[in-house]
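Remarks on the overall topology
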Amino acid sequence: MVGMRGAYGGGGGGHSNGNESRPLGGAAAAAPMTTTSTEIASMAVHKVAPPPPRSTASKMKARVKETFFPDDPFRGFKGQPLGTQWLMAVKYLFPILDWLPGYSLSLFKSDLISGLTIASLAIPQGISYAKLASLPPIIGLYSSFVPPMVYAVLGSSRDLAVGPVSIASLVMGSMLRDAVSPSGEPLLFLQLAFTSTLFAGVVQASLGILRLGFIIDFLSRATLVGFMAGAAIIVSLQQLKALLGITHFTTQMGLVPVMASVFHHTKEWSWQTILMGVCFLLFLLAARHVSMRWPKLFWVSACAPLASVIISTLLVFLFKAQNHGISIIGQLKCGLNRPSWDKLLFDPTYLGLTMKTGLITGILSLTEGIAVGRTFASLKDYQVDGNKEMMAIGLMNVVGSCTSCYVTTGAFSRSAVNHNAGCKTAMSNVVMALTVMVTLLFLMPLFVYTPNVVLGAIIIAAVIGLIDFPAVYQIWKMDKMDFLVCVCAFAGVIFISVQEGLAIAVGLSVFRVLMQVTRPKMTVQGKIMGTDIYRDLHQYKEAQRVPGILILAIEAPINFANSNYLNERIKRWIEEENSTQNKQTELHFVILDLSAVPAIDTSGIAFLIDIKKSIEKRDLELVLVNPTGEVMEKIQRANVPQNHFRSDCLYLTTGEAVASLSALAKMTKP
């Protein structure tokens, strides 16, 4: 067949070197099978065009731009005077300058209401999440004052409400407790928390400045759903210490040690604590259900935590419940954030721990903050710049680490309340921060009698929403492999530890991506009768094989990771085709559809050359269909020393290739 094809090419006017395809086209499909070679040659209409020539520098520039600047943030700068460009640059770095000049009283009224509403949620949550991280409760309030002020200046989201979150608190507390006891060495533990927050902020800001936000995309949706559900259960189990009134409780995070600790200390259970905890937990869950059932009553669940704190504090004060087994917060000092840059610890003994903790908590909080910001931005139809958000969240954590704060980000519960309360700008964060400031200055003595059991109930009610059963069911229905990743993340968190569970899930997700790269999808195509369309035989039952021609389509980039697999798989398909074909439909041609191959490297080109030689040894011929720009460019370069892929081996469409090859096979049949 190879010799016959060469003779035919010469008879049709010879081959042209370079990338012009042989004068054969889709018109041959309709030609009678008695058409001569000269007539077929005269019907050529389409060619495989090479891409426009570009220098290596211009291609590298385009690739870097698409990798690091896919949103083209500076497109508005083009054609503007220098002064205007400087003003736009300042507004880009400080988004508050974009909306503050046009701020009005009507906007402030909306932001005031939403700010006061989220403050009522932020105060009890700040105290609760600080205890979850094994930090003094006052640190949670500090973290709800300075970071929101910083975000209001630097952030681009109108709805994001900033403060401590349960997941970052849980992870930081669990990782630091492995090395230092928060009760035995409270000052050292606090230093490690501030230092970890600094590293978290540096990581977050660096990702934004270096435009490396795509790294957080390795946390797939399935990973996050499973991780969040597992973390919610672990967080809830940790609150059994407060709900049951247990004094001696395990520091481990796994399901088994926690439950073992609960039942090994049944003598420490306090019925007064249990009664109060169950009552307030039911109250909080009922308020949450009301707000979910009737969205206009969002303020019910928003105000329920603060109402619980006030009511429980009054009950403890009136009945002296602290003398009857009810554990209380105790005295909290009044005053604003104290500087903590002198508490940052860079001791080599703990440097690795703080860097690791900062990296993990930074990535997790960044992922949550950006996801929440984009969610509410889509509801209001405005744009949130992901890289700008990374810089804003990172810088507010860097500042926070120097002002007695730990890791903060945009919390989903608070942001949902902020959105439903009708916030218009980031000024709602300022209102919330000022409300927390008033609390820090004047109201701290009121929290002396606040029972720890109510804080535990607030945490449980907040994290229950992290268990997303509909999302798990949807993942199960859509993709069983993603469901496996989700389950592994969930099981790893509750049975091993938070960070190991997350690592397992991320590892499985990356492994799946590697499998898709190293084992790309290939399909055998056939013709849908009555059309000139060629589709996957497995997917389209009406598609039929073309006698004497094997049509294969590759649906992935061809590179060093998958070239050997593709080589072996194509050879196996040829063997299977030859074993099933009879003498009347003997295999003569192999068509390789490259339409879905966006890129190819030198190993991929070597694969195409090798498979071509291997096919020719079997007395067959390889034809390439619709190589894309980059692929065609490298085929051109491979042709320079030796003309591996002549122009008559390249077709624009599968239909034209089949029409031409079918006519050729008919003509040369004895």
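A quick note: this is a predicted structure, and the numbers were derived from the prediction, not measured. (Residues numbered from 1 in each chain as written. Predicted model: local features only at pLDDT ≥ 70, side-chain atom pairs only at ≥ 80, totals over all residues. Heavy atoms only, no water.)

Considerations on the overall build of the protein
The helix and strand inventory of the protein stands at 27 helices and nine strands. The globule rule puts the C-alpha radius of gyration for 670 residues at 26 Å, and the 33 Å found for the protein is more than 25% above it. Structurally, the protein occupies a C-alpha span of about 105 × 65 × 55 Å along its principal axes. Counting only residues that meet the buried cut, the protein has 50% of its 670 residues in that class. Relative to all contacts within the protein whose residues are 6 or more apart in sequence, the contacts with residues 24 or more apart total 80%. (Helix = DSSP H or I, 4+ residues; strand = E, 2+ residues; numbered from the N terminus. Rg over C-alpha atoms; globule rule 2.2 N^0.38 Å. Buried < 20%, exposed > 50% of the residue type's maximum accessible area, 1.4 Å probe, protein only. Contact = heavy atoms within 4.5 Å.)

Notes on unusual backbone geometry
Unlike most non-glycine residues, Asp 619 shows phi in positive territory, near 65 degrees. Relative to the elements of secondary structure, Asp 619 occurs in the loop between α25 (602–617) and β8 (621–625).

Regarding the side chain of Ser 660
Its place among the elements puts Ser 660 in helix α27 (residues 654–668). For Ser 660, a relative accessible area of 2% puts it in the buried group. A polar contact of 3.0 Å, which involves the side chain of Ser 660, links it to the side chain of Tyr 651. (Polar contact = N/O pair within 3.5 Å; in protein donor to acceptor, adjacent residues only side chain to side chain.)

A short note on the environment of Thr 273
Tracing the chain through its elements places Thr 273 in helix α14 (residues 271–293). Residue Thr 273 is classed as buried on the basis of its relative accessible area, which comes to 3%. Between the C-alpha atom of Thr 273 and that of Pro 451, which follows or precedes it by 178 residues, the distance is 9.0 Å. Not counting residues up to four positions away in its chain, the partners in contact with Thr 273 are Ala 242, Leu 243, Leu 244, Gly 245, Gly 325, Ile 326 and Val 453.

A closer look at helix α11 (residues 221–238)
With 18 residues, α11 ought to run about 26 Å at 1.5 Å a step, and its terminal C-alpha atoms sit 25 Å apart, in line with that. Extensive coverage of α11 is indicated by the burial of 16 of its 18 residues. (Expected span 1.5 Å × (residues − 1).)

Some details on the layout of surface pockets
Over the atoms rolls a probe the size of a water molecule, and its path tells where empty space is left. When its volume is computed, the second largest pocket comes out at roughly 1000 Å³. Together, 36 residues line the second largest pocket, and Lys 131, Leu 132, Ser 134, Pro 182 and Lys 241 are the ones closest to its centre. Counting only elements with at least two residues in the lining of the second largest pocket, the list comes to α6 (105–132), α9 (166–177), α10 (186–209), α12 (240–244) and α20 (452–463). Looking at which element gives the most residues to the lining of the second largest pocket, the answer is α20, with five residues. Looking at the lining of the second largest pocket residue by residue, the classes come out as 18 nonpolar, 15 polar and three charged. (1 Å grid on protein atoms, 1.4 Å probe; cavity = no way out; pocket = protein on both sides within 12 Å on 5 of 7 lines; lining within 4 Å. Points joined across faces, edges and corners; volume = space filled by probe spheres on them. Nonpolar A, V, L, I, M, F, W, Y, C, P; charged D, E, K, R; others polar.)

Points about the pattern of salt bridges
This model, assessed by the stated rule, comprises nine salt bridges. Of the charged contacts in the structure, one is a salt bridge between Glu 616 and Lys 612, with a shortest N-O distance of 2.5 Å. Of this pair, Glu 616 and Lys 612 are both found in helix α25, four residues apart, which corresponds to roughly one turn of the helix. On the basis of relative accessible area, Lys 612 is assigned to the buried category, the value being 8%. Across the pair Arg 637 and Glu 633 runs a salt bridge, and its minimum N-O distance is 3.1 Å. Residue Arg 637 and its partner Glu 633 are located together in helix α26 (residues 629–638), separated by four residues, close to a single helical turn. Residue Arg 637 is classed as partly exposed on the basis of its relative accessible area of 49%. The exposure class assigned to Glu 633 is buried, which follows from its relative accessible area of 17%. When salt bridges with common partners are traced through the structure, they connect Asp 479, Asp 482 and Arg 512 into a single cluster. (Salt bridge = Lys/Arg side-chain N within 4 Å of Asp/Glu carboxyl O.)

Quick notes on the pairing of strand β7 (residues 589–593)
Most of β7 sits inside the fold, with five of its five residues counted as buried. The side-chain alternation of β7 yields two buried faces, one formed by Phe 589, Ile 591 and Asp 593 and the other by Val 590 and Leu 592. As paired strands, strand β6 (residues 549–554) and β7 are joined by five bridges and run parallel to one another. Across the sheet, residue Leu 552 finds its bridge partner in β7, namely Leu 592. Note: β7 against β8, five bridges, orientation parallel. Of the residues in β8, the one forming a bridge with Phe 589 is Glu 621. The parallel pair β7 and β8 is bridged by α25, and the resulting crossover is right-handed. (Pairing = 2+ DSSP bridges. Right-handed = clockwise from strand over helix to strand, strands pointing away.)

Regarding the packing of helix α22 (residues 480–495) against helix α23 (residues 498–518)
Remark: α22 packs on α23, axes separated minimally by 7 Å, with the N-to-C direction vectors making an angle of 165 degrees. In terms of orientation, α22 and α23 fall into the roughly antiparallel class. As α22 packs across α23, the resulting crossing turns out to be right-handed. Residues Met 481, Asp 482, Val 485, Cys 488, Ala 489, Gly 492 and Val 493 of α22 form the contact with α23, whose participating residues are Val 498, Gly 501, Leu 502, Ile 504, Ala 505, Leu 508, Ser 509 and Arg 512. (Axes fitted to C-alpha atoms, helices over the stretch in contact; angles between N-to-C directions. Parallel < 35°, antiparallel > 145°, perpendicular 65-115°, else oblique. Left-handed = near helix turned anticlockwise from the far one by under 90°.)

Looking at the packing of aromatic side chains
What the rule picks out here adds up to five aromatic pairs. With a centroid separation of 6.2 Å and 90 degrees between ring planes, the pair formed by Phe 199 and Phe 346 is classed as edge-to-face. A residue pair is termed long-range when its members are at least 10 positions apart, and Phe 199 in helix α10 and Phe 346 in the loop between α15 (298–319) and α16 (348–380) qualify at 147 residues. Look at Phe 199 and you get buried, because its relative accessible area is 17%. Taking the relative accessible area as the measure of exposure, Phe 346 reaches 45% and is therefore partly exposed. With a centroid separation of 5.0 Å and 70 degrees between ring planes, the pair formed by Trp 476 and Phe 483 is classed as edge-to-face. (Phe/Tyr/Trp six-rings, centres within 6.5 Å; stacked < 30°, edge-to-face > 60°.)

Examining the domain arrangement of the protein
Parsing the protein into structural domains produces domain 1 (98–511) and domain 2 (520–668). One C-alpha centre belongs to domain 1, the other to domain 2; they are set 55 Å apart. (Domains from an automatic or database assignment.)

As for the environment of Gly 352
Tracing the chain through its elements places Gly 352 in helix α16. Under the relative-accessibility criterion, Gly 352 is labelled partly exposed at 47%. For the pair Gly 352 and Leu 284, spaced 68 residues apart in the sequence, the C-alpha separation amounts to 40 Å.

As for the packing of helix α21 (residues 469–478) against α22
Running from N to C, α21 and α22 cross one another at 140 degrees; their axes reach a closest spacing of 6 Å. Between α21 and α22, the angle falls in the class oblique. Contact residues: Val 472, Ile 475, Trp 476, Lys 477 and Met 478 in α21; Lys 480, Asp 482, Phe 483 and Cys 486 in α22. In terms of residue class, the contact of α21 with α22 is built from six nonpolar, no polar and three charged.

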